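What follows is each chain in one-letter form.
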Amino acid sequence: MIAKVIVDVAVNQTDRMFDYLVPPEFEQTIVPGIRVNVPFGPRKVQGFVIAIAEDSEYDSSKIKPLAELVDLKPPLTEELLALSTWVKDNTLSFHVTVLKTMLPAAMRAKYDKRLSIHESLDEGEVPESIQPFFPETNEIESWEKWSKDASELDKKVMMTAIKEEVVLVTPLVKTSDSVKKQQIVNLMVSKKDLEKAIESTPSRAIKQVKLLEFFISHFEDESEYTLTALLEKADVSRDTVQSLRKKNLVSIEEKAIARDPYEGRTFVKSEPLPLMEEQQTALDPILDSIHQENHQTFLLRGVTGSGKTEVYLQAIDQVLKKGKEAIVLVPEISLTPQMVTRFKERFGSRVAVLHSALSKGEKYDEWQKIREGKVDVAVGARSAIFAPFEKLGIIIIDEEHETSYKQEESPRYHARQVAIKRGEYYKAPIILGSATPSLESYARAKKGVYTLLTMENRVNHVKMPEVSIIDMREELRSGNRSMFSESLVKGISDRLEKREQTVLFLNRRGYSSFIMCRDCGYVPQCDHCDISLTYHRTNQSLQCHYCGHSETIPSICPECQSDSIRFFGTGTQKVEEELLKVFPEIRIIRMDVDTTRRKGSHEKLLRQFGEGKGDVLLGTQMIAKGLDFPNITLVGVLAADSMLHLPDFRSGERTFQLLTQVSGRAGRHLKPGEVVVQTYTPDHYSIEDVKSHNYLSFFEKEMGIRKQGGYPPYYFLVIIHVSSEQLDQVVSVTEKITHFLQRELSDQTFVYGPVASTIPRIKDRYRYQCMIKYKVEPKLTNTLQEVIKTYQSETTRSSLAIHMDMNPYMML
DNA sequence: AGCACGCCGACT
DNA sequence: GTCGGCGTGCTC
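Residues numbered from 1 in each chain as written. Chains lettered and ligands numbered in written order. Predicted model: local features only at pLDDT ≥ 70, side-chain atom pairs only at ≥ 80, totals over all residues. Heavy atoms only, no water.

Glancing now at the protein's contact with DNA strand B. By nearness alone, every residue bordering DNA strand B is listed as Val9, Val11, Gln13, Pro42, Arg43 and Lys113. Residue Gln13 places a side-chain N or O atom 3.3 Å away from a base nitrogen belonging to DNA strand B. Measuring from a base nitrogen of DNA strand B, one finds a side-chain N or O atom of Arg43 at 2.9 Å. (Near = heavy atom within 4 Å. Polar contact = N/O pair within 3.5 Å; in protein donor to acceptor, adjacent residues only side chain to side chain.)

Shown next, in the form of structure tokens:
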């Protein structure tokens, strides 16, 4: 029996199946999806069994048997296995990379080596030089650990000993199973035997006697203790228990226990809420699709506050009643306790939550609950799309326009695409929900590829907030040089009086803080990347945003020796200072990367604000979503156009989405909301249409721009990134690739480039790119694969790297 | 990726 | 004369 294995070596040359002989003792257990450890050349690696075959095409004398099974049950289902192939083909990734991203981080293999003194050597024969390395045993269990705090000299000595075969190296593959384990102590003998044991225990072993007496006096109560509990109850030390174990009176075994990240929290069960007519109209076709088991993709466009979540909840409820399962994707940033609570309250312990604030181990446990069928709803960020359910009945993607659904590293998959693929397999509906759908999705809905569902009104007829656009040029002209417009100041003071709350949103992109010489205009740059250094106030340093390089702030300009080198840019700290100047008494809660770095501080700050401990919540992107407090009646956007001028064709779309999202934070309940948007380009449609809450108008205008520029959704894009330490190599390779693509691809396809990337150098690597625009291109995948193959040897031998991004979201 | 095999310069 | 540099090629 032969196992076809994808080995955990993510390079071109090994990105295919390798055949291994299945030893007879594994034949019963082995199935596709199981992980195995296999000999691979001189070392041992982990791999995924993709298929089982009777025999192999490969030279049978060269086929090695696989070493061991890592799993008894496959962590990946047949469906996910098939999906992995589809994802790798559609993202041009290595197969293992995809397989590994389908598993929780805790299940990824770790490689280490064990060192041991060669068995044939007698004690006297061990060279003195290495004796201190092996003080107790003849083994060093982990090379990794040992070499970490060994001196360079020690390492050299060890290497020599390895070479002389005095020390033997055994490669190890560990699945860092971060399963939380509990030591369980079991009594192995009868009461009588315990009494006998006391007699035979030397009287100086007081502790052992004490423990034995404890066991006797509690014999009827329990025969099994967790080690920690036992140590406490019997008041003995770990060693004492070990002594009894050596005498075979007790056994100690490790037992995996599941953590519950929400342990101790109680959730009040919630009942389905009565639906508004619009909600019901949206829900009905979804329910039909669930009952008829016909896969369909719905695009649910519902304005902020229209009650999309309730529609999701009731659709899921129906799915669960049919004995099926549901995946709900939420952007990481809005995976807040508020959101999780709503699902927990409705579905209780049947919900698993996967998000980045959980520890590796906690994520693993949540994942296991899904795999073992203990839950039937998974709520999580992007990677939760790979939740190993086997009876999927629905997939919901909330805020479907969010760019975080596209993974920015290999495999560069988009969760929406994967969702639809899984939906097809399970004949299950997909719901894409958003107040501001991506142009791609809305265009597909208009074409009838997706089914469009619309909710134009807020629940309970709450009015949409009043949005005023403030022209900051006008403010300047009338003599206001501060960063707050007159209306905003008036708005804030008004809220202070009424004891209502304000949210101030500063979009920091394009506004990074930097240092500039006022005399000659010199801006300190990173030595390794072509980018300005960012000013960090906390440790008074200049840091590179891309490579982490850090230097001190110069007191005089290195170019012109002038001393008027100053800090520029607008950060939340600056806004806070300015705001305090206007309102000395105001209580500000600031949320940005600096104040939310510590785990849980994000939630803490939000809770404080919710409890009314602040008048103003000031923050960046992270406050745009999920925030739902009844007392917020004013939202101020300080610089609405800061992202509008980024070199990205989606900048208009992002601006509209973000502004709409932020505006949606105001007046969600009884009190009416007001939004003040400050901008230097008040006439831009991305800003104007926010005022009128008119998605359709924005959509039409933006579509026009896309059509004109030949951008999605009219064309598909591929970006090929080429980087190397040698500039000449990058340029020539990118040029050759561009020409090759121009030659190979059809006439209706456009190939642009080569051009230097927006950041032409990062970490001393030069970066170039070329871009493909196409509508239909059957040869695309093959041609791109050919490019990878052509440069295969060059990428392994030199520093050259080629990355391909299908349907990119980041144009940088 | 690792790791071994294999062919040319500075050292015991 | 050997040790060791890293170029080349393979892993079932």
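This is not the end of the story, as more comes after the structure.
A word on the domain arrangement of chain A. When the parts of a complex come together, some accessible area is lost, and that lost area is often used as the size of the interface. The assigned domain composition of chain A is domain 1 (2–107), domain 2 (110–174), domain 3 (189–248), domain 4 (277–461), domain 5 (466–513 + 569–706) and domain 6 (716–806). With centres defined by C-alpha atoms, the gap from domain 5 to domain 6 works out at 39 Å. (Domains from an automatic or database assignment.)

Here the focus is the pairing of strand S32 (residues 765–774). Where a strand is regular, its side chains alternate between the two sheet faces. Among the 10 residues that make up S32, eight are buried, leaving the element largely enclosed by the rest of the structure. Inspection of the sheet shows strand S30 (residues 716–724) paired to S32 by nine bridges, in the antiparallel sense. Counterpart to Val722 in the pairing with S32 is Tyr768. Two strands pair when backbone bridges link them, and strand S31 (residues 750–762) and S32 are joined in this way by seven bridges, in the antiparallel orientation. Paired with Phe750 across the bridge in S32 is Lys773. (Buried < 20%, exposed > 50% of the residue type's maximum accessible area, 1.4 Å probe, protein only. Helix = DSSP H or I, 4+ residues; strand = E, 2+ residues; numbered from the N terminus. Pairing = 2+ DSSP bridges.)

Looking now at the protein's contact with DNA strand C. In the neighbourhood of DNA strand C, 14 residues make up the surrounding shell, with Asp19, Gly41, Tyr58, Lys62 and Lys64 lying closest. Restricting attention to atoms of DNA strand C within 4 Å of the protein, one finds that 50% of them are sugar or phosphate atoms. Contact distances for DNA strand C include 3.2 Å between a base nitrogen and a side-chain N or O atom of Arg16. If you list the elements that add at least two residues to the surface near DNA strand C, you get strand S2 (17–21) and strand S3 (35–40). Counting residues per element, the surface near DNA strand C draws most heavily on S2, which supplies three residues. Looking at the surface near DNA strand C residue by residue, the classes come out as six nonpolar, three polar and five charged. (Nonpolar A, V, L, I, M, F, W, Y, C, P; charged D, E, K, R; others polar.)

Of the consecutive residues Ser410 and Pro411, the connecting peptide bond is found in the cis state with omega at -5°. With respect to the element layout, Pro411 can be found in the loop between strand S16 (392–398) and helix H13 (415–426). Even without being a glycine, Asp235 presents a positive backbone phi close to 55°. Residue position: Asp235 is located in the loop between helix H7 (227–234) and helix H8 (238–246). Given the relative accessible area of 48%, Asp235 is considered partly exposed. Even without being a glycine, Glu399 presents a positive backbone phi close to 55°.

Ordered by their spatial adjacency, five strands build an open sheet running S2-S1-S4-S3-S5, and the pairing between neighbours is antiparallel. In this open sheet, the two edge strands, each paired with only one partner strand, are S2 and strand S5 (68–69). Pairing between strand S1 (residues 2–7) and S2: five bridges, direction antiparallel. By the bridge assignment, Ile6 is partnered in S2 with Met17.

With respect to topology, seven strands assemble into an open sheet ordered S14-S15-S13-S16-S17-S12-S18, the strand pairing being parallel. Each having just a single partner strand, strand S14 (351–354) and strand S18 (451–455) make up the two edges of the open sheet. Neighbour to neighbour, the strand axes of the sheet diverge by 15° on average, direction disregarded. Across four bridges, the pairing between S16 and strand S17 (residues 430–434) is parallel. Looking at the pairing, Asp398 lines up with Gly433 of S17. With respect to the sheet, helix H11 (residues 337–347) is in contact with strand S13 (325–329), S14, strand S15 (377–380) and S16, its orientation differing from that of S14 by roughly 165°. Set on the sheet, helix H12 (residues 360–371) makes contact with S14 and S15; between it and S14 the angle comes to about 140°. (Axes fitted to C-alpha atoms, helices over the stretch in contact; angles between N-to-C directions. Contact = heavy atoms within 4.5 Å.)

So, on to a negative patch on the surface. Together, Glu25, Glu27, Glu54, Asp55 and Glu57 make up a region of like negative charge exposed at the surface. Secondary-structure assignment places Glu25 in the loop between S2 and S3. Its relative accessible area of 57% is what places Glu25 among the exposed residues. (Patch = residues over 30% accessible without salt bridge, like charges linked within 9 Å, V, L, I, M, F, W, Y side chains within 5 Å. Areas by Shrake-Rupley, 256 points an atom, 1.4 Å probe, with all protein chains shown as cover. Salt bridge = Lys/Arg side-chain N within 4 Å of Asp/Glu carboxyl O. Lys, Arg positive; Asp, Glu negative; His and termini not counted. Charge placed at Lys NZ, Arg CZ, Asp CG, Glu CD.)

For the structure on display, the rule yields 19 aromatic pairs. Seen in terms of ring centroids, Phe609 and Phe629 are 6.2 Å apart; in terms of plane orientation they differ by 70°. Their pairing is edge-to-face. Here the residue Phe609 occupies a position in helix H18 (residues 601–610), and Phe629 occupies one in the loop between strand S27 (616–619) and strand S28 (632–637), the gap between them amounting to 20 residues. Judged on exposure class, the residue Phe609 and its partner Phe629 are both buried. Consider the rings of Phe656 and Phe698, whose centres lie 4.2 Å apart with planes at 5°: the pair is stacked. One end of the pair, Phe656, is in helix H19 (residues 651–663); the other, Phe698, is in helix H21 (residues 695–709), and 42 residues separate them in sequence. Chaining the aromatic ring pairs together yields one cluster made of Tyr442, Phe656, Tyr685, Tyr695, Phe698 and Phe699. Of note, Lys773 hangs over the ring of Tyr711, and the distance from its end group to the ring centre comes to 4.2 Å. (Phe/Tyr/Trp six-rings, centres within 6.5 Å; stacked < 30°, edge-to-face > 60°. Lys NZ or Arg CZ within 6 Å of the ring centre and 35° of its normal.)

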